[in-house]
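Here's the letter readout for the chains.
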Amino acid sequence: MGAADDAPGHDHGSHGRFDEQAHARSPQVWAGRHKYLVGAATAGAAAGAAAGAARLLRR
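Everything numeric here is computed off the predicted structure, so don't read it as measured data. (Residues numbered from 1 in each chain as written. Predicted model: local features only at pLDDT ≥ 70, side-chain atom pairs only at ≥ 80, totals over all residues. Heavy atoms only, no water.)

A. Representation of the overall build of the chain in the model. From N to C terminus, the chain includes two helices and zero strands. Taken over 59 residues, the chain has a buried fraction of 0%. Carbon and sulfur atoms form 59% of the exposed surface of the chain, whose accessible area is close to 5800 Å². (Helix = DSSP H or I, 4+ residues; strand = E, 2+ residues; numbered from the N terminus. Buried < 20%, exposed > 50% of the residue type's maximum accessible area, 1.4 Å probe, protein only. Areas by Shrake-Rupley, 256 points an atom, 1.4 Å probe, with all protein chains shown as cover.)

Now the structure itself:
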């Protein structure tokens, strides 16, 4: 099989004009892998904002 791989099962990955712009890490991938942590942080921030708004409204 004369595919793009040298040996069967060896993938060299894709390359092109965006190679220089590529990053080794992605915030979107991290958030996708830690969705429960992101959800808990979001819920905590929302609760804090609601508590702060309620405190301001009581004045």
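Next comes the rest of the description.
B. Spatial organisation of a nonpolar patch on the surface. A surface patch of nonpolar side chains, amounting to about 280 Å² of accessible area, comprises Trp 30, Leu 37 and Val 38. Positionally, Leu 37 belongs in helix α2 (residues 35–58). (Patch = residues over 30% accessible without salt bridge, like charges linked within 9 Å, V, L, I, M, F, W, Y side chains within 5 Å. Salt bridge = Lys/Arg side-chain N within 4 Å of Asp/Glu carboxyl O.)

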